[in-house]
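Tertiary structure, described
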Amino acid sequence: MKKGDHLFLVDGSGFIFRAFHALPPLTRKSDGLPVGAVSGFCNMLWKLLTDARDTSVGVTPTHFAVIFDYSAKTFRKDLYDSYKANRSAPPEELVPQFGLIREATRAFNLPCIETEGFEADDIIATYARQAEAIGADVTIISSDKDLMQLVTPNVHMYDSMKDKQIGVPDVIEKWGVPPEKMIDLQAMVGDSVDNVPGIPGIGPKTAAQLLEEFGDLDTLLERAGEIKQVKRRENIIAHAEQARLSRRLVQLRTDVPLDVDLEGLILEPQNGPKLIGFLKAMGFGTLTRRVAAACDCNADEIDAAVVEVEWGGAAHGPDLDAPAPAGEASAANASAPASNGKPAAAGSVIVGEARPADLAQARADFYATAKIDKSCYITIRDVEVLDDWIRAAYETGVLAFDAEAASIDPMQAELAGISLGLPDNAHTPAGGEIRSAYLPLGHKTGDGDLLGGGLAENQLSMKEALDRLKIVLEDPSVLKVGHNMKFAYLLLKRYSIVVQSYDDVMLMSYVLEAGKGGQTLDSLSERWLGHVPMTFKEVAGSGKAGLAFDMVDIERAMTYAAEKADLSLRMWFVLKPRLVAERLTRVYERLERPMLATLAEMEERGITIDRQILSRLSGELAQRAAAIEDEIYHLAGEKFTIGSPKQLGDILFGKLGLPGGAKTKTGQWSTSAQVLEELAAVGHELPRKIVDWRQLTKLKSTYTDALPGYVHPQTKRVHTSYSLASTTTGRLSSVEPNLQNIPIRTTEGRKIRTAFISTPGHKLVSADYSQIELRVLAHVADIPPLRQAFADGVDIHAMTASEMFGVPVEGMPSEVRRRAKAINFGIIYGISAFGLANQLSIERSEAGDYIKKYFERFPGIRDYMENTKAFAREHGYVETIFGRRAHYPDIKSSNPSVRAFNERAAINAPIQGSAADIIRRAMVRMEGALAKAGLQHKARMLLQVHDELIFEVEDDAIDETLPVVISTMENAAMPAIAMRVPLKVDARAASNWDEAH
DNA sequence: CCCCAACCGTA
DNA sequence: GTACGGTTGGGGG
C-alpha cells in the first residue's frame, strides 16, 4: 500500500444486524433457509463495488476488507465483566446466516477478517491507523458511533444505507465534539446497549458542553469541583473511576495483531463465476442477473455452488471455513463440482476456467461469422406485442434500443420511433440469436393532404407506448444497450424519460480502439461483424429528394432501425468481454460512461448569447472589411476573389512578383498568415491588408454571422453538442456550434466573447487549469526542477529560460522567456528542430542547439520521449496516467515523415490525454460536489473548453461555488493518482465570458 | 450535390 | 512540433 491508495473497511458485523432488522424477512425458496441478512449484505457489497457513477462514495478503493467480530468474548470482558452482558443471544433465524455471510464475502473475492479476543471495531481501528500512517485514505463502511473516534481528514465513514459520507464536520455537527473527543464523550455518556456505565445524568449535549469547557475528560475529572450545578458535580466526582473504566471500554485498540497485513487487502478483480455460483445457491435471482450482466457471464452456464449450512437449532460448525485438503479438492474438480461444497471449485469447473481473453476471442470469432437475418425483424403495432418485449427485457436484463427522430438534433427533433433488440436467452451468446423490432410512433404520411402530413396509420399511440417504455428504460435493473446513447438520452428526456443504467457500444469501442478508425455503428459493424449495414441514404434518400426519417415509409424505416438495435447488441456481446480482457473496464466505467449524462445535461442547459452584440459586431466587421477590400483592389490593380488562395497567389506572386515563401502540398504558393506576415515585415503593403481582411471576414462568417443561427427557438439559448469519441487522445470536441474555438487572442476576437452572457440574477464563472499539460509532463517524466518550480508556484517559462541560458529570472528579457515558452510547448508537441525553427523564425541548426541544450538540462524528458516511442512501437498504443489508450497503427510506417509524425503524436497523447482525463474526472464529480454543498440548483456547469469549465451561478451563491469548483478540479486526479505536482485552478465570475476568463 | 484543400479559430 | 471544427473556394460528377 502506498500514498494515495484507498482502503475500504466494511463493518461486517454491524451490517449484519442492520440488514437483519431493517429488511423484511426472506427465506430461500428451495428449503426455507433464512437468508434476509445474507441478501442485504450481498446487495450492499455489490453496490459498493460497482458504484460506477463515482458520486456517492466519490472514491475508488484500491484495498478492501470485510471485518467481523470473532465471538462475544473479548478483552473488554476481562476489563469489565458486565460489558455487553445484557445483550441477548442473536435471533434464531440469524444464526445460520453468520457463516453464509462469511461465505458471501469470499465469493466476492474479498478478504474476510476476524481476530480472536477483539471486536471488529478494534481491527478496523488498527487497519485504519496503519493505512493512514502510510498516507492512504480510508473509508469505513458503517454508521456506528463507536467508530466515529477514528474519523480524520483522511479517514471517513460512509453510511451505505443512507448514502451519506461522514467526515470530521459531520461528527462535530452530530455530537458537538470533533472525532478525537468522541472517546471522552462516549465515556461520559455511556451506552446502555453495550452496558458501558458512563456517568449518570450526563447525556451527549451535556458531555459536549463540558468537553468544550474543560477540554478533555481528565481535566474535567480533576477540576470537577468547579462545576456549578450541584447534582452534576456530585455525580461526576462520585463516578470518576467509572468514567475512566468506560473510557477504556469505548476506546478502540489500534494494536490488534493482524493475520493479514495491508498488502493482503489489495482489491482483487471480481471472479464472476464464483460469485454467481454462490448467488444462485442462495436463490438471489435479481442480483445474479445483475452480476452476470456486469461480469459478462452467462448465468445459465454456471451451476449453483453447493454451500453447506447447518440450521434448525444446531450451531454453525467451525469446519465450514476450514480449507479442504488439496488432494480432495482436485479430485472433486476432476469429477463433479458437488462433493466438497466449495463454491470456488464448483464455479471454476463449470466454466472451464476460461480466461477473459479467450472468452473475448470466442465471442469475436462467433459474431464475425454469424449470419444477420434482416427478414425476421418486425414492426410493433400492438400493445400486447410491446408488452411481450418489455416483459422479455425484464427476463434477460438486457435491452438494446435506439431512438429514431426526424432530424439529427436531439434538442429539437421529434421522435419518429424506437427500435428494440433482445438477446434470445435460450441461445445467446452461444447461439447468437437476437430478436429485433421497430416501434413506429411519429411517422407521418407524405401524401398531398392539404392539411399537411397527418400521422401514418396503424401506429401505437405515442403516449401509450412511452408510458410503458418509460418503466423499463428508467429501471436500473435492465441494462440498456445502444450506440451513441447521448442522442437517445437527450431526445427521450424531452419526452420525460430519463434513461437509467446503460452501456454505449460507441464508447466501449472508443476505449478499446481510439485512433484505429471511426466509432460510427457502420465502422464498428464492418470491423467486428464483417457486415455493411443499410445506410441512412438508402432508406431516406439525400439532398433535395431526401426525406426526414419520420416521412419514410414505416416498413422501410423498420428494417433500417431494427438493424441498428440488432448490431448494437451484437457489438455489446463482442466488446464487453473485450473490455474485461484488455483490462479497460475501469476506463470505460469511470472516464467514459458517466460523461454521457454529464454532457447531456450541459448540452441541455445551453448558454445565452446576446444577439444584439453579435449583430452590431457583424455590421462593424462588414464595414471595415469592405473598406479594406477597396484598398486591396487598388493595390492589386484589379478586382479578384480575395478569399481564393489560388487567385490571391496569382496576384501576389505572379502579377506583382513578390518573393514566394512556402508551398502548399499541392504545389501552390502558400498564402498563409505566416507567409503574408513575413512579406509585410519587409515593407509590402498588400499582404498586410490581406491578413487584416482575413481576420475580419473570419470573425464575421464563423462567429458573428453563424452563432445566432444556433439559438434554439424555444430555450433561446445555444446548445452545442459534445462528441465523446472523436479524438485519439481522449479530449472532447464540440460541434454545431463549436464552442471550443471562440476567439480570445486578439482584441477584435475577444469582443465575440462578450456576447456569451449570464442570465439575469446570475454570473458566468470560468475556472481553468493553469499549465495543466506542463504539470502532467513534470509528473509523468518526473523532472525534479519542473516539479520544484510548480511546487513553488514560480513562472515556469522564466524558470526554463533561466536553467537553459543561465539568465537570472529577475530582469529577464522578454525575448528569452518567449523562446523558452516555445520550447516548453514544443516538448509537449513532440518537438522537432524543423517545427521549433518555424515557430521562432530561426534557423533549423539554432533550433536544434536549443533542443540539445534543453535535453542536457532535463535529461528525464529525453528519456520520457524515447521510452514513450519505444512503448508505442512495441504495443501500437500509448497510455494516459489513468490507463486510457491512444492507438498509433502507423507508428512503424516505412515512410519516415509518416513515422515521425506518429512518434510526435504518440509523445503528445499521454500528456494531452492525461489532462483530458483529469478534467473528465472533475466533470463527473462536479454535480455531486455542488449538490453536497447545497448548490445543485444554484450553480450549473455549462461548457468545457479542454482545460476550462464554464458555469452559470446565481449571484448570491458565487462565493460558495468558487471553492467547490476549484477544489473539485484541483483534486480530480485523486485518489486514483497522487500527482507529483500540484494542480492549480484559477476561477472568476463576471456577467460575460470575456470578463470571466 | 459532394468532396477536398487551404486557411484559421481554440487548447 | 499536438489535438480539433467551420468556412470558403473550387473542381468533378
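The sections below set out a description of the structure shown in this document. (Residues numbered from 1 in each chain as written. Chains lettered and ligands numbered in written order. Predicted model: local features only at pLDDT ≥ 70, side-chain atom pairs only at ≥ 80, totals over all residues. Heavy atoms only, no water.)

**A look at the sheet that holds strand 22 (residues 985-990)**
Counted only if it meets this: Pairing between two strands is assigned when DSSP locates at least 2 bridges connecting them. Helix and strand assignments follow DSSP, with helices taken as H or I runs no shorter than four residues and strands as E runs no shorter than two, numbered in order from the N terminus. Helix axes use the C-alpha atoms of the stretch in contact, all axes being lines fitted to C-alpha atoms, and the angles between their N-to-C directions lie in the range 0 to 180 degrees.
As summarised here, the arrangement of the 4 strands in space is 20-21-17-22, forming an open sheet in which the pairing is antiparallel. The open sheet terminates on both sides in strands that have one partner only, identified here as strand 20 (939-944) and strand 22. The average angle at which neighbouring strand axes cross in this sheet is 25 degrees, direction not considered. Relative to strand 22, strand 17 (residues 762-769) is paired through 6 bridges, and the arrangement is antiparallel. Its bridge partner lying in strand 22, L764 is registered against A990.

**Considerations on the environment of A972**
Heads up, the condition is: Note on definitions: a residue-residue contact is assigned when non-hydrogen atoms from the two residues lie within 4.5 Å.
Of note, A972 is situated in the loop between helix 38 (958-970) and strand 22. Each C-alpha atom, one on A972 and one on M926, is 9.6 Å from the other, the two residues being 46 residues apart in sequence. If we skip the residues at most four places from it in the chain, A972 touches Y769, I918, R921, A922 and R925.

**Section: the protein's contact with DNA strand B**
Our working rule: Residues are labelled near a given molecule or strand when at least one of their non-hydrogen atoms is within 4 Å of it. Think of a polar contact as two N or O atoms within 3.5 Å of one another; within protein, one of them needs to be a possible hydrogen donor and the other a possible acceptor, and neighboring residues in sequence only count if both atoms come from side chains. Throughout, the ten residues Ala, Val, Leu, Ile, Met, Phe, Trp, Tyr, Cys and Pro are labelled nonpolar, Asp, Glu, Lys and Arg are labelled charged, and all others, Gly among them, are labelled polar.
Around DNA strand B sit 24 residues in total, of which T664, T666, T671, K698 and I744 are the nearest. Of all DNA strand B atoms lying within 4 Å of any protein atom, the proportion belonging to sugar or phosphate reaches 80%. One of the side-chain nitrogen or oxygen atoms of T671 is found 2.7 Å away from a phosphate oxygen of DNA strand B. At 2.7 Å from a base oxygen of DNA strand B is found a side-chain nitrogen or oxygen belonging to K698. Per element, the largest residue contribution to the surface near DNA strand B is 3 residues, and it comes from helix 28 (residues 685-704). Class assignment for the residues of the surface near DNA strand B results in 7 nonpolar, 10 polar and 7 charged.

**Quick look at the sheet that holds strand 3 (residues 112-113)**
What the 6 strands build is an open sheet, ordered 3-2-1-4-5-6; its pairing is mixed. The sheet is open, and its two edges are formed by strand 3 and strand 6 (164-166), each paired on a single side. The sheet contact formed by strand 1 (residues 6-11) and strand 4 (residues 137-141) spans 5 bridges and is parallel. Note that in strand 4 the partner of L7 across the bridge is V138. Of the strands in this sheet, strand 1, strand 2 (63-67), strand 3, strand 4 and strand 5 (155-159) touch helix 5 (residues 120-134), which is tilted by about 175 degrees from strand 1.

**Some details on helix 24 (residues 585-605)**
This is how it is decided: For a helix, the expected span equals 1.5 Å multiplied by the residue count minus one. Bend, at a single residue, is the angle you get between axes fitted to the 7 residues ending at that residue and the 7 residues starting at it. Note on classification: 1.4 Å probe, protein chains only; a residue is buried when its accessible area is under 20% of the maximum for its type, exposed when over 50%, partly exposed between these limits.
Between the first and last C-alpha of helix 24 there are 30 Å, a value that for 21 residues agrees with the 30 Å anticipated at 1.5 Å per step. When the local axis directions of helix 24 are compared, the greatest deviation, roughly 40 degrees, occurs at M595. For helix 24, the tally of buried residues reaches 17 of 21 residues, placing the bulk of the element in the interior. Of the residues trailing helix 24, G606 is marked for its positive phi of about 70 degrees.

Shape is all these values report; function is a separate question.
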